[in-house]
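Architecture at a glance
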Amino acid sequence: MATTRVIETATPSEHEPLFEAQKKIYPQKVHGTFRRIKWIVLVVTLGIYYLLPFVRWDRGEGAPDQAVLIDFVTKRFYFFAIEIWPQEFYYITGLLILAALALFLMNAVAGRVWCGYLCPQTVWTDLFLAVERLTEGDRRERIRRDNGPLTFDTVMRRTAKHTLWLIIAWWTGGAWVLYFADAPTLVYELATFTAPTMAYVWIGILTFTTYTLAGHMREQVCLYMCPWPRIQAALTDEEALNVTYRYDRGEPRGSVKRNAALRAKGEPAGDCVDCFQCVNVCPTGVDIRQGSQLGCIQCGLCIDACDSVMEKIGRPTRLIAYDTDRNVRARSQGKPTHIRLIRWRTIAYVAIIAAVGGGMLYTLLTRSTAGISVLHDRNPVFVRLTDGAVRNAYTLRLINKNRDARTFTLSVTRPDGTPLPGAQLSAIGDEDASDGRVAITIGPDQTREVRAFITVHDEPRGAAPETADVVFSIADESGASGASARDHFFGR
């Protein structure tokens, strides 16, 4: 008789929760090479962010003198001597491509070095942690206060911490809106409560996000919100430098006395004394001795902490160091180690960055200060006049990027530069026409829409083409600056 075997399955909720509750991390203060590098990066990057809106740059009369400005009123982006128009948004696209490629290059060289030193979340979290240590003390004092009774001293210290956090967050939001208007003027308007409502709204939003992300969520942003750790894991290779615990030297672990006794007997003894200093200083609570992990942002603070311990016990430093997986494996096998920063992957990234950057620089240096776009009338595409001539109508958009008014000469030709047989160019307005060309005046830093017509007289019979490509060209009085746009002429 056949029997039925019942297999009982348990849902995850019967054994463990579907998510892990947040464990508060108390990073300990540390001194060393990588901590100094992080302080330098913090001061430089935040200094640029907070002070750059107040830097002036003379662009001439009638132009804004703020060095970096995103001007929604005139639809311009100013960056020192560079001025980007809406039609040149491809430069922003190019910058985003360069940023992505630079991120890939940094990953190929040194893993998540961006996360550890340059990421805004890391920089502002470092600043908020510095404020927390200033008001509540280092790791042990903060743990003792959190686990102890609520006292007046604790309340005052926490109030001071959150007040400073809010001031930093508020100024972070305030600095951001200064990039969208004249900074000194907007600061005065904000102080006198006469600024636009949207300025206060965005300052409030950015104050809240900075205070929340840098003050409270911290490592949770890196672990759960940011996609880069997952992308980085797919891009890295065994030649990339990463913060690495050199287990071939550190294992087996033991206390200082125990390992010293083992060495005296000639028995294996590692340099790791299981002091947990590498864990205590980690801003994400990672134990680097367990290998590469999602939470490790490659900041190098565990290197500084471990080096200080090694110096105290008289052992060589860099038990934890920037190293490659290949070198770790080679040392365990007794083979020589080497670091290969220059390899096919890094060469490819550098070459692509140079190509994209060079192309952008070339187009930026050689770009015209004039522009033209053409839109052919769609209904009807052409009309036949009473005298038998064929007329096509176009809407032209002409751009003058100079600070002075300019008169442009508009002409139309075939793509090879030869005239269109029997064609006459005209435009609506008071433009003067001569030699098949039209003179159009455009004000300083302005665009102008012009209705233009191409009329082809069908004499002799059959001279008017059925369809022809045409090129509209403009040139200023000096002939030094011009632009062109291509369209079609329909005859039948």
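Rules used in this analysis
- Residues numbered from 1 in each chain as written.
- Predicted model: local features only at pLDDT ≥ 70, side-chain atom pairs only at ≥ 80, totals over all residues.
- Heavy atoms only, no water.
- Phe/Tyr/Trp six-rings, centres within 6.5 Å; stacked < 30°, edge-to-face > 60°.
- Buried < 20%, exposed > 50% of the residue type's maximum accessible area, 1.4 Å probe, protein only.
- Helix = DSSP H or I, 4+ residues; strand = E, 2+ residues; numbered from the N terminus.
- Lys NZ or Arg CZ within 6 Å of the ring centre and 35° of its normal.
- Polar contact = N/O pair within 3.5 Å; in protein donor to acceptor, adjacent residues only side chain to side chain.
- Contact = heavy atoms within 4.5 Å.
- Pairing = 2+ DSSP bridges.
- Axes fitted to C-alpha atoms, helices over the stretch in contact; angles between N-to-C directions.

1. Considering the packing of aromatic side chains
Here the structure, examined in full by the defined rule, presents 16 aromatic pairs. Relative to Tyr 50, the ring of Tyr 49 lies with its centre 5.2 Å away and its plane at 70°, an arrangement referred to as edge-to-face. Here Tyr 49 and Tyr 50 have matching classes, each one buried. On the basis of an interplanar angle of 65° and a centroid distance of 4.9 Å, the ring pair of Tyr 394 and Phe 472 is categorised as edge-to-face. Taken together, the positions of Tyr 394 in strand E8 (residues 390-400) and Phe 472 in strand E14 (residues 467-476) put the pair 78 residues apart, joining distant regions of the chain. Every member of this aromatic cluster is reached through a ring pair, and the members are Tyr 49, Tyr 50, Phe 72, Trp 124, Trp 176, Tyr 179 and Phe 180. Above the plane of the ring of Trp 39 lies Arg 35, whose end atom (NZ or CZ) is 4.1 Å from the centre. Of note, Arg 391 hangs over the ring of Phe 453, and the distance from its end group to the ring centre comes to 5.4 Å.

2. Some details on the side chain of Thr 346
By the element assignment, Thr 346 lies in helix H16 (residues 344-366). Of the polar contacts made by the side chain of Thr 346, one reaches the backbone oxygen of Arg 343; its length is 2.9 Å.

3. Describing the side chain of Asp 307
Mapped onto the elements of the fold, Asp 307 is located in helix H14 (residues 301-313). Residues within four places of Asp 307 in sequence aside, it is in contact with Thr 317, Arg 318 and Leu 319.

4. As for the sheet that holds strand E1 (residues 68-71)
Taking strand neighbours across the sheet as the criterion, the three strands line up as E1-E2-E3 in an open arrangement whose pairing is antiparallel. The strands lining the two open edges of the sheet, one partner per strand, are E1 and strand E3 (82-84). Neighbour-to-neighbour, the strand axes of the sheet open up by a mean angle of 10°, direction not taken into account. Pairing between E1 and strand E2 (residues 76-79): four bridges, direction antiparallel. Directly across from Val 68, in E2, lies its bridge partner Phe 79.

5. Some thoughts on the environment of Leu 164
When you line up the elements, Leu 164 lands in helix H6 (residues 152-177). When its relative accessible area of 32% is taken as the criterion, Leu 164 is described as partly exposed. Taking the C-alpha atoms as reference points, Leu 164 and Thr 284, separated by 120 residues in sequence, lie 23 Å from one another. Not counting chain neighbours up to four residues away, the residues in contact with Leu 164 comprise Val 131 and Thr 135.

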